[in-house]
Amino acid sequence: MPGWLEAGLWGALAGGALLIGAAIAWFRRIPPRAIATIMAFGAGVLIAALSFELLDEAERTGGLLPTAAGFLGGACAYVAANALLARHGARHRKRSGGQQPSEADVQGSGAAIAVGALLDGVPESVVLGLSLLGGGDVGLAVVAAVFISNIPEGLSSAAGMKRAGRGPGYVFGIWGGIALAGGLAALLGNLALESASPAAVAVIMGVAAGAILAMVADTMIPEAFEDAHLLTGLITTVGFLTAFAVERLAA
């Protein structure tokens, strides 16, 4: 199977976890503390993945300076885009409570939330495409991290969308679209950078890692702390340790 096609399939599979989380939230009422617990665990998993699978690999591939530049650039780009979207009603797009505005509350918030969900998901998918560059095997830890973290993301956000009065067409349309966009991002990431220099690959991996870390800090951890409170740090640590163990066992 061509590497670009395999990357697209892995990206779509990982993105499909968003649909699983959304379906759980839509058809079952999940206690807020359970959502917070899963979100904290997913945050720890992502932090471990970007530490051991992204930054470490980027630095060994292209050096410290390109990796650091990409990392800071990715974080700055995410924060700037997130701040712009927050002004249009997408600030609480991952919140499961009543924080998300309805369309009547903030005109255009539905579109802003959709764009915000895309902003959150694309860096993770690009990483999956990059992990297959040069004919290598996709990193099991990366796939596991993205898949595991996407379930609470979809679950929490869909619960909030439902509370805000948005219908199933909107909710499942967003997450289905994000899953497809994730596959496309992984595919294009693999194709576009197949012949790129090691420094360029390091920059792109750093950008993805920086954006993911900023997303975790800005959207996932605040939602987790909302209900998990003092247990948030411990649960996040367990998620980190789990991803670290998967990465070592798969090596």
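The preceding data block contains the structure.
Since the structure is predicted, the reported quantities are computational estimates derived from the model, not experimental observations. (Residues numbered from 1 in each chain as written. Predicted model: local features only at pLDDT ≥ 70, side-chain atom pairs only at ≥ 80, totals over all residues. Heavy atoms only, no water.)

A.B. asks: Tell me about the packing of helix H1 (residues 3-27) against helix H6 (residues 168-192), residues and numbers included.
C.D. replies: Following both chains from N to C, one finds H1 and H6 inclined at 160°, their axes separated by 7 Å at the closest point. Our classification of the angle between H1 and H6 gives roughly antiparallel. Crossing geometry of H1 relative to H6 is assigned as right-handed. Along the lines of polarity and charge, the residues of the contact of H1 with H6 split into 18 nonpolar, nine polar and no charged. (Axes fitted to C-alpha atoms, helices over the stretch in contact; angles between N-to-C directions. Helix = DSSP H or I, 4+ residues; strand = E, 2+ residues; numbered from the N terminus. Parallel < 35°, antiparallel > 145°, perpendicular 65-115°, else oblique. Left-handed = near helix turned anticlockwise from the far one by under 90°. Nonpolar A, V, L, I, M, F, W, Y, C, P; charged D, E, K, R; others polar.)

A.B. asks: Describe the pattern of salt bridges, and please don't skip the residues or the numbers.
C.D. replies: Per the counting criterion, the structure on display carries two salt bridges. For Glu57, the salt bridge goes to Arg60, with nearest N and O atoms at 3.0 Å. With a gap of three residues between them, Glu57 and Arg60 both fall in helix H2 (residues 32-62), about one helical turn apart. Using a relative accessible area of 30% as the deciding quantity, one classes Glu57 as partly exposed. Here the salt bridges share partners, and the residues they tie into one network are Asp56, Glu57 and Arg60. (Salt bridge = Lys/Arg side-chain N within 4 Å of Asp/Glu carboxyl O. Buried < 20%, exposed > 50% of the residue type's maximum accessible area, 1.4 Å probe, protein only.)

A.B. asks: Can you explain empty space enclosed by the protein? Please cite residues and give values.
C.D. replies: Throughout the structure, instances matching the rule amount to four cavities of 30 Å³ or more. Here the largest cavity defines a volume of roughly 70 Å³. Every residue lining the largest cavity is listed: Leu46, Ala49, Leu50, Glu53, Leu54, Glu124, Val127, Val142, Ala145, Val146 and Ile212. Among the secondary structure elements, those contributing two or more residues to the lining of the largest cavity are H2, helix H4 (109-130) and helix H5 (140-163). Looking at side-chain class alone, the lining of the largest cavity contains nine nonpolar, no polar and two charged residues. Space inside the second largest cavity adds up to approximately 50 Å³. Where the lining of the second largest cavity is concerned, the elements lending two or more residues are H1, H4, H5 and H6. Examining the composition of the lining of the second largest cavity, we find that three residues originate from one element, H4, more than from any other. Classifying every residue of the lining of the second largest cavity by side-chain character gives three nonpolar, five polar and one charged. (1 Å grid on protein atoms, 1.4 Å probe; cavity = no way out; pocket = protein on both sides within 12 Å on 5 of 7 lines; lining within 4 Å. Points joined across faces, edges and corners; volume = space filled by probe spheres on them.)

A.B. asks: For a nonpolar patch on the surface, give the residues involved together with the corresponding values.
C.D. replies: There is a patch of nonpolar side chains on the surface, built from Met1, Trp4, Leu5, Leu9, Leu184, Leu188 and Leu191 and spanning about 680 Å² of accessible area. Sorting the residues of the nonpolar patch by element identifies H1 and H6 as the ones contributing at least two each. Counting through the fold element by element, Trp4 comes out in helix H1. (Patch = residues over 30% accessible without salt bridge, like charges linked within 9 Å, V, L, I, M, F, W, Y side chains within 5 Å. Areas by Shrake-Rupley, 256 points an atom, 1.4 Å probe, with all protein chains shown as cover.)

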